[in-house]
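One letter stands for each residue in the lines below.
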Amino acid sequence: MRSGLLLSAAAGFGLCLAGSALTLAQAPPTAASLRPVESFGTIANQRDRSVALFAEMGKVIQHPRCMNCHPATERPRQTDARRLHQPLVVRGKDGHGAPAMACTTCHGKQNYDPARIPGDGHWALAPASMAWEGKSLAQICEQLKDQNRNGSRDLAGLVKHVTTDTLVLWGWKPGAGREPAPGTPEQFGALMQAWADTGAACPAS
Amino acid sequence: MVSLKVNGTTHSVDVDDDTPLLWAIRDNIGLTGTKFGCGVAQCGACTVYVDGQPVRSCVTPVSAVGDSEITTIEAITGKEAEAVQAAWTARDVPQCGYCQSGQVMSAVALLKENKKPTDRDIDLAMNGNLCRCATYVRIRAAIHDAARALEI
Amino acid sequence: MTAHDPNLSRRNLSRRTWLKGAGALVIGLHLPGTARAQSSGAGAAFRPGGNATFAPNAFIRVAPDNSVTVLVKHIEFGQGPFTGLATLAAEEMDADWSQMRSEHAPADVKLYANLAFGVQGTGGSTAIANSWEQMRKAGATARAMLVQAAADAWKVPAAEITVVSGVISHASGKQGRFGEFAEAASKLPVPENAPLKPASAYKLIGKEGAVKRLDSYDKSRGKAQFTIDIHAPNMLTVVVARPPRFGGKVASFDAAATLKVKGVVDVKQIGSGVAVYATGMWPALKGREALKVSWDESAAEKRGSRELIAEYRALARQKGTTAGKHGDAEAVLAKADKVVEAEFVFPYLAHAPMEPLDGYLQWDGTEALARFGSQFQTTEHQTIAAILGLPPEKVKLETMLAGGSFGRRAQVSQHLAAELAMAAKAIGPNRPVKLVWTREDDLAGGYYRPLFVHRMRGAVKDGKITAWADNIVGQSFFLGTPLEAMVVKDGIDATSVEGANELFYEIADFNCEVANPKVGVPTLWWRSVGHTHTGYAVECFIDELLQAAGQDPLSGRIALMGDKHARAIAVLKAVGEMANWKGPGPVGDRARGVAVVESFGSFVAQIAEVSFVDGEPKVHKVWCAVDCGVAVNPDVIRAQMEGGIGFGLGHALYGELTLDQGKPVQANFDSYRSLRIQEMPEVEVKIIASTVAPTGVGEPGVPPIGPAVANALAALGQQRPRQLPMVGRTV
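Criteria and thresholds
- Residues numbered from 1 in each chain as written.
- Chains lettered and ligands numbered in written order.
- Predicted model: local features only at pLDDT ≥ 70, side-chain atom pairs only at ≥ 80, totals over all residues.
- Heavy atoms only, no water.
- Helix = DSSP H or I, 4+ residues; strand = E, 2+ residues; numbered from the N terminus.
- Rg over C-alpha atoms; globule rule 2.2 N^0.38 Å.
- Buried < 20%, exposed > 50% of the residue type's maximum accessible area, 1.4 Å probe, protein only.
- Areas by Shrake-Rupley, 256 points an atom, 1.4 Å probe, with all protein chains shown as cover.
- Contact = heavy atoms within 4.5 Å.
- Pairing = 2+ DSSP bridges.
- Axes fitted to C-alpha atoms, helices over the stretch in contact; angles between N-to-C directions.
- UniProt positions renumbered as here; feature names shortened; annotations may be inferred.
- Phe/Tyr/Trp six-rings, centres within 6.5 Å; stacked < 30°, edge-to-face > 60°.
- Domains from an automatic or database assignment.
- Buried area = accessible area lost by both parts, 1.4 Å probe.
- Salt bridge = Lys/Arg side-chain N within 4 Å of Asp/Glu carboxyl O.
- Nonpolar A, V, L, I, M, F, W, Y, C, P; charged D, E, K, R; others polar.
- Polar contact = N/O pair within 3.5 Å; in protein donor to acceptor, adjacent residues only side chain to side chain.
- pLDDT = per-residue confidence, 0-100.

K.L.:
Please clarify how the overall build of chain C should be interpreted in this entry.
P.N.:
What chain C contains, in helices and strands, is 22 helices and 29 strands. A compact globule built from 731 residues should have a C-alpha radius of gyration of about 27 Å, and chain C, at 27 Å, falls within 12% of that. Over its C-alpha atoms, taken along the principal directions, chain C stretches across nearly 85 × 70 × 45 Å. Burial statistics for chain C: of 731 residues in total, 66% are counted as buried. Accessible area for chain C stands at about 23900 Å²; split by element, carbon and sulfur atoms hold 50% of it.

K.L.:
Before we go on, may I ask you to explain the overall build of chain A in this structure?
P.N.:
Within chain A, the regular secondary structure consists of seven helices and four strands. Each helix (α) and strand (β) of chain A, taken in turn from the N terminus, gives the series α-α-α-β-β-β-β-α-α-α-α. Out of the 205 residues belonging to chain A, those deemed buried represent 47%. Long-range pairs, those at least 24 residues apart, make up 59% of the contacts in chain A between residues at least 6 apart in sequence. Of the accessible surface of chain A, which amounts to about 9100 Å², a share of 57% is contributed by carbon and sulfur atoms.

K.L.:
I'm lost on the sheet that holds strand 10 (residues 264-270) of chain C in this one. Help?
P.N.:
Sheet strands pair by backbone hydrogen bonding; their relative direction is either parallel or antiparallel. All names here are of chain C. If you walk across this open sheet you meet the seven strands as 10-11-8-18-15-16-17, and the pairing is mixed. In this open sheet, the two edge strands, each paired with only one partner strand, are strand 10 and strand 17 (395-399). Strand after strand, the sheet turns through a mean of 20 degrees between neighbouring axes, direction not considered. Its contacts with the sheet put helix 10 (residues 281-290) on strand 8 (236-241), strand 10, strand 11 (273-278) and strand 18 (433-436), and the angle it makes with strand 8 is roughly 30 degrees. Along the sheet, helix 13 (residues 377-388) makes contact with strand 15 (358-363), strand 16 (368-372) and strand 17, crossing strand 17 at roughly 140 degrees.

K.L.:
Help me out: how do you make sense of the UniProt feature "domain: Aldehyde oxidase/xanthine dehydrogenase a/b hammerhead" (unreviewed entry) in chain C in this one?
P.N.:
The sites that UniProt annotates as "domain: Aldehyde oxidase/xanthine dehydrogenase a/b hammerhead" (unreviewed entry) are residues 221-299 of chain C. Taken end to end, residues 221-299 of chain C comprises 18% helix and 38% strand; its first and last C-alpha atoms sit 48 Å apart.

K.L.:
Is there a simple way to think about the environment of F406 of chain C in this case?
P.N.:
Residues and elements named next belong to chain C. By secondary structure assignment, the location of F406 is in the loop between strand 17 and helix 14 (415-427). By relative accessible area, which is 2% here, F406 ends up buried. Taking the C-alpha atoms as reference points, F406 and W526, 120 residues apart in sequence, are found 5.7 Å from one another.

K.L.:
What am I meant to see in the packing of aromatic side chains here?
P.N.:
Pairs of aromatic rings are described using the distance from one ring centre to the other and the angle between the two planes. Residue and element names in this part refer to chain C. A complete count under the given rule lists 21 aromatic pairs over all chains for this structure. Ring centres of F346 and Y536 lie 5.6 Å apart, and the angle between their planes is 90 degrees; this geometry places the pair in the edge-to-face category. Of this pair, F346 sits in strand 14 (residues 339-346) while Y536 sits in helix 18 (residues 531-548), and the two are 190 residues apart along the sequence. Assessed through its relative accessible area of 1%, F346 is described here as buried. With a centroid separation of 5.3 Å and an interplanar angle of 70 degrees, the aromatic rings of W468 and F541 are classed as edge-to-face. Taken as a pair, W468 in strand 20 (residues 464-474) and F541 in helix 18 lie far apart in primary sequence, 73 residues in all. No difference in accessibility class separates W468 from F541, as the two residues are buried. Taken together, F117, F376, F477, F478 and W525 form an aromatic cluster joined through their ring pairs.

K.L.:
In this structure, what is going on with the environment of G643 of chain C? I would like to understand it.
P.N.:
Residues and elements named next belong to chain C. Within the fold, G643 resides in helix 21 (residues 634-654). A relative accessible area of 0% means that G643 is categorised as buried. As for G643 and V587, which are separated by 56 residues in sequence, their C-alpha atoms are 27 Å apart.

K.L.:
What exactly am I supposed to notice about the sheet that holds strand 2 (residues 9-13) of chain B here?
P.N.:
Residues and elements named next belong to chain B. Strand order across the open sheet formed by five strands is 2-1-5-3-4, with mixed pairing between neighbours. This sheet does not close on itself; its edge strands, each paired only once, are strand 2 and strand 4 (53-56). Here the strands of the sheet are splayed against their neighbours by 40 degrees on average, with no regard to which way each runs. Looking at chain direction, strand 3 (residues 47-50) and strand 4 are connected through four bridges and run antiparallel. Within the sheet, the bridge partner assigned to T47 lies in strand 4 and is R56. Sheet contacts for helix 1 (residues 21-28): strand 1 (2-6), strand 2, strand 3 and strand 5 (69-71); angle to strand 3, the most-contacted strand, approximately 105 degrees.

K.L.:
Help me understand the domain arrangement of chain C, please; the structure alone is not making it clear to me.
P.N.:
Interface size is commonly expressed as the accessible surface area that is lost when the partners come together. Residue and element names in this part refer to chain C. With domains assigned, chain C is organised as domain 1 (6-219), domain 2 (227-298 + 357-436) and domain 3 (305-349 + 447-715). Put simply, the middle of domain 2 and the middle of domain 3, counted by C-alpha atoms, are 37 Å apart. Between domain 2 and domain 3, the contact holds 11 residues from the first and 17 residues from the second. Between domain 2 and domain 3 lies a buried interface of about 1300 Å² when both sides are counted; carbon and sulfur atoms form 70% of it. The largest per-residue losses of area from domain 2 upon contact with domain 3 belong to F246, F406 and V412, which jointly make up 54% of the total buried on that side. Seen at the junction of domain 2 and domain 3, the total is zero salt bridges. The residue makeup of the side of domain 2 that touches domain 3, split by class, is six nonpolar, three polar and two charged.

K.L.:
Help me out: how do you make sense of the pairing of strand 3 of chain B in this one?
P.N.:
On any regular strand, side chains alternate: one points to one face of the sheet, the next to the other face. Residues and elements named next belong to chain B. Residues T47 and Y49 of strand 3 are buried on one face, and the alternating residues V48 and V50, pointing to the opposite face, are buried as well. Linking strand 3 to strand 4, which pair antiparallel, is a turn of two residues; within it D51 sits at a positive phi near 50 degrees. Note that strand 3 and strand 5 share two bridges and pair antiparallel. Counted as the bridge partner of V50 is I70 from strand 5.

K.L.:
It is not clear to me how the interface of chain B and chain A should be interpreted in this structure. Could you clarify?
P.N.:
Facing the 24 residues of chain B at the interface are 17 residues of chain A. With both sides pooled, the region where chain B packs onto chain A buries about 1800 Å², and carbon together with sulfur makes up 57% of that total. Contact with chain A buries surface across chain B, with V59, L124 and N127 of chain B losing the most and accounting together for 26% of the total. Taken together, chain B and chain A are joined by one salt bridge. E74 of chain A is the partner of R120 of chain B in a salt bridge, and the nearest nitrogen-oxygen pair spans 2.6 Å. Our count for the contact surface shared by chain B and chain A stands at seven residue pairs in polar contact (both at pLDDT 80 or more). Every element with two or more residues in the side of chain B that touches chain A is listed here: strand 4, helix 3 (100-113) and helix 4 (119-126) of chain B.

K.L.:
What am I meant to see in the pairing of strand 14 of chain C here?
P.N.:
Residue and element names in this part refer to chain C. Counted residue by residue, strand 14 has six buried out of eight residues, so it is predominantly covered. Bridge count for strand 14 against strand 19 (residues 452-461) is eight bridges, and the pairing is antiparallel. For V345, the partnering residue across the bridge sits in strand 19 and is V453.

K.L.:
Help me out: how do you make sense of the interface of chain C and chain B in this one?
P.N.:
Of the residues lining the interface, 58 residues belong to chain C; the matching set on chain B comes to 52 residues. Counting the surface lost from both chain C and chain B, the interface buries some 4600 Å², and carbon and sulfur atoms represent 54% of this. Counting across the interface, chain C meets chain B through eight salt bridges. Of the charged contacts in the structure, one is a salt bridge between D18 of chain B and K286 of chain C, with a shortest N-O distance of 3.1 Å. For the pair chain C and chain B, the number of links is 32 residue pairs in polar contact (both at pLDDT 80 or more).

K.L.:
What am I meant to see in helix 22 (residues 705-715) of chain C here?
P.N.:
Each full turn of the α-helix corresponds to 3.6 residues, which orients residues three or four apart in the same direction. Residue and element names in this part refer to chain C. When you tally the buried positions in helix 22, you get 11 out of 11 residues, the bulk of the element. Those residues of helix 22 that fall on the buried side of the exposure criterion are I705, G706, P707, A708, V709, A710, N711, A712, L713, A714 and A715. The positive-phi residue at the C-terminal boundary of helix 22 is G717, with phi of around 95 degrees.

K.L.:
Looking at this structure, I do not really get the side chain of S599 of chain C. What am I missing?
P.N.:
Tracing the backbone through its elements, the reader meets S599 of chain C in strand 24 (residues 591-599). Sequence-distant contacts of S599 of chain C, defined by excluding residues within four places in its chain, comprise H531, P700 and P703 of chain C.

K.L.:
Is there a simple way to think about the confidence of the model for chain A in this case?
P.N.:
Low-pLDDT portions of the prediction should not be read for the details of their coordinates. Across chain A, the average pLDDT comes to 86, with 85% of residues at or above 70. Per-element mean pLDDT across chain A ranges from 32 in helix 1 (residues 3-13) of chain A up to 98 in strand 4 (residues 101-102) of chain A.

Structure, rendered in structure tokens:
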């Protein structure tokens with residue numbers, strides 16, 4: 001039986017089946033919500049406010065849903081515990097995997113919850129230039145703004161990307177067995193817009 | 001009713017939309033060369049081609065297939081398929097043989113895209129196909145054999 | 001795989017006891033008085049060529065089209081008996097390999113008992129060993145009768161006739177093939193003692209390239225038929241909801257939602273849980289998902305791996321049952337200046353054959369046909385008959401190709417056959433059922449390689465190992481079962497201590513004790529059985545002691561063997577030469593480790609070359625020398641060594657089935673990590689030439705690889721892993 005089925009079946013049994021404890025120990029709990037933009041209004045200094053807004057965005061950026069596919073190496077990670085993807089898959093020439101092991105070999109256009117396989121119309125790995133893994137929030141911030149490393153996007157383009165790209169939006173609807181990114185895409189988009197409007201300042205470190 | 005185009009024939013199968021292609025192929029259409037091993041895209045035994053590209057049929061709902069052309073191990077053709085299957089037999093690759101349909105499907109897909117795969121290319125293409133008998137030494141050798149045969 | 005080597009079994013196994021459990025008769029090699037006396041219903045059912053088929057005995061059929069079909073009494077799930085047994089028959093028949101075919105023999109203990117067990121069954125790496133005489137005699141008998149038939153037809157003396165590659169010839173120029181004489185031969189009396197060839201005349205046995213596997217073609221094309229591929233009119237697919245903890249029982253269930261799932265036909269409680277019957281696998285799974293079951297867990301095992309390990313560690317510090325002893329190891333250890341201690345912990349392991357357990361059964365209330373990958377046909381046949389309430393002769397069991405076993409299908413408890421029969425009985429006659437386990441069912445389903453602890457102590461003085469003590473703790477899967485007499489002697493279950501209670505190494509003061517605690521987790525033999533843990537503990541610890549004594553791992557082992565273990569020494573020397581052994585290293589970032597284990601009568605030494613990459617051992621190359629007596633099919637032996645190395649390595653590196661409060665944690669291959677192609681080392685195999693009767697190859701490739709890798713890691717400056725798996729351990 002698919003593990004998704006297994007869990008729901010187990011719930012039906014009134015008992016919890018295998019899969020919860022040891023190996024599947026999850027990453028430290030992350031904030032499930034995002035602070036609304038308005039709550040940053042108390043920060044008088046615009047630059048400080050911008051930095052604070054970005055730090056809040058960091059809860060999403062550094063969440064497993066986003067970080068897993070912005071790896072430092074050619075290999076993505078998976079699960080909330082951020083283990084290396086099994087089987088071994090790589091970015092490949094165009095971010096869509098290796099010959100005979102393209103992302104689409106397993107990932108369809110939509111999540112397939114019975115088998116807990118996530119999916120999206122353009123399931124792919126972020127380009128190496130957009131690697132976030134192992135970087136500080138400050139470094140990620142500078143990288144995000146660098147048009148050589150962000151897909152040639154200006155700030156408006158970035159906001160549009162995170163609010164309309166289906167693969168980014170997938171982070172909030174990741175399917176069975178995965179924790180969604182904190183907050184909502186609308187909240188995240190609003191934070192980013194506010195960050196852009198406040199000068200898109202980056203944390204110092 | 002879902003319409004599936006498998007090995008050149010259109011079949012109407014009476015299954016729910018979320019039914020994995022694997023079970024529609026095996027239980028409803030009756031083609032059993034495609035195997036069930038894990039149900040979660042970890043072992044590759046269920047590999048078929050959808051419009052020529054390898055896909056794990058155990059995690060592909062029939063609703064996602066549309067009018068794509070599905071090809072199973074029973075109907076693979078062409079020089080890569082012939083070379084791979086000849087190499088598999090010549091090397092006596094299979095042991096229990098249960099995973100080998102999937103192995104052959106992945107190997108043929110690799111050679112269609114990459115005429116002269118390196119060991120690393122083979123690792124990347126084939127590591128999604130588990131073999132509990134661990135026939136991996138021969139799988140690798142047979143893919144190299146098939147690539148050489150295709151050069152001639 | 002089963003528990004014991006053929007020699008051990010002949011020595012220890014009381015066939016009568018086995019059969020008391022099995023309720024059958026013992027007849028060894030059964031060659032009927034005349035060919036036509038082949039009267040068994042089962043035998044008669046297997047006549048591919050119809051009445052003109054020549055069936056000189058229970059094992060060989062010659063059809064008019066010249067094809068020779070060998071009926072193989074051992075199940076083929078990868079280890080090659082279809083090819084091996086056909087090789088033996090073809091050799092003595094002087095058949096051409098292209099005319100050979102293989103099929104599974106039907107379940108019939110009178111004809112097809114495993115000579116090592118007394119009942120029909122496969123395991124213990126016995127297929128070639130117990131068929132070595134039998135199949136050659138069968139082939140020689142067939143040849144003699146075909147030759148006689150030709151002699152009668154040509155009116156020439158049989159002694160003047162030759163047979164080469166399936167062609168029967170006489171100097172007069174007369175020539176014919178087997179098929180032409182099949183019918184005439186079938187009317188001749190069966191000769192008593194057809195002569196066997198001398199080894200010098202072999203054309204197939206032991207000859208490189210002479211024989212290819214008979215099953216490769218179909219298996220490379222999706223044509224091989226496994227149990228899961230069976231379809232029949234009106235057939236239902238069955239999945240069973242089983243208790244989440246071992247020992248749990250159904251308290252109550254509510255199938256209302258299940259019965260609403262399209263394709264679900266019925267739901268029945270059976271002995272093992274609640275069975276969902278559907279028109280296909282997906283509705284069956286959805287139906288099971290919708291099922292509500294309350295489990296009675298009052299008698300269930302609730303301890304987890306962590307608790308069991310703690311208990312076993314404590315037990316390893318108490319006096320156990322002595323399994324091997326000479327001298328006084330405790331006294332020497334008490335006085336020794338230098339005592340080396342190591343405690344090895346081995347997890348539960350699942351077999352996880354690629355084809356999960358499954359079975360097909362049809363019955364009409366008076367007769368039944370079961371088809372599945374049966375590894376113990378005799379007892380499974382009887383179990384099915386008993387549950388259906390039918391006399392055994394009304395039940396046919398057809399053995400199917402199986403997608404691996406590694407011990408999983410060799411069921412002491414008969415639980416699969418029983419569940420299959422219960423599922424069929426519960427739905428009633430004339431509804432054929434196909435019972436299928438999912439991967440999750442398989443991994444959560446128990447019958448694991450038992451969790452074991454070895455507490456080892458050794459004393460080293462003046463460059464010599466002076467004492468050795470090993471306290472072993474783990475479950476026995478024999479004690480208390482009907483098969484206990486097979487391997488249990490004086491309270492010692494040989495499968496717990498084999499490979500540890502007697503060593504190759506001459507150590508003056510030696511002690512080995514064992515404790516078999518009762519735990520409610522079903523366990524079972526797992527490819528190479530006790531050697532899976534004893535091989536690791538012994539070969540890691542001897543390496544550690546040799547290191548402490550300043551000895552080379554390879555020459556130090558040989559020096560400790562004295563003059564008693566020529567075959568072990570020979571494989572060690574051979575593997576050293578293959579690898580050009582110059583010590584463990586490291587050289588650059590790579591080091592080498594060696595290990596040697598005798599199991600199932602065969603001797604295997606391996607050297608592994610290992611580095612450490614990204615926090616994981618990377619095994620680059622393995623050299624393997626094997627002495628399994630006469631090498632019947634060299635390439636099959638090589639394949640079994642390669643596969644055994646991969647299987648052993650995958651589990652040593654990644655394999656563990658963890659219990660958390662009694663519940664299995666790893667649910668599928670995403671967490672029960674299995675070796676993948678990029679983790680498979682290059683393998684070089686040398687088969688030692690031998691004239692000794694052949695012994696097993698299915699299992700003996702497994703035990704040395706784990707310790708060889710561990711010993712290489714030690715040479716890289718790390719501790720030999722004391723607890724397995726080496727990577728990603730959760731306990």
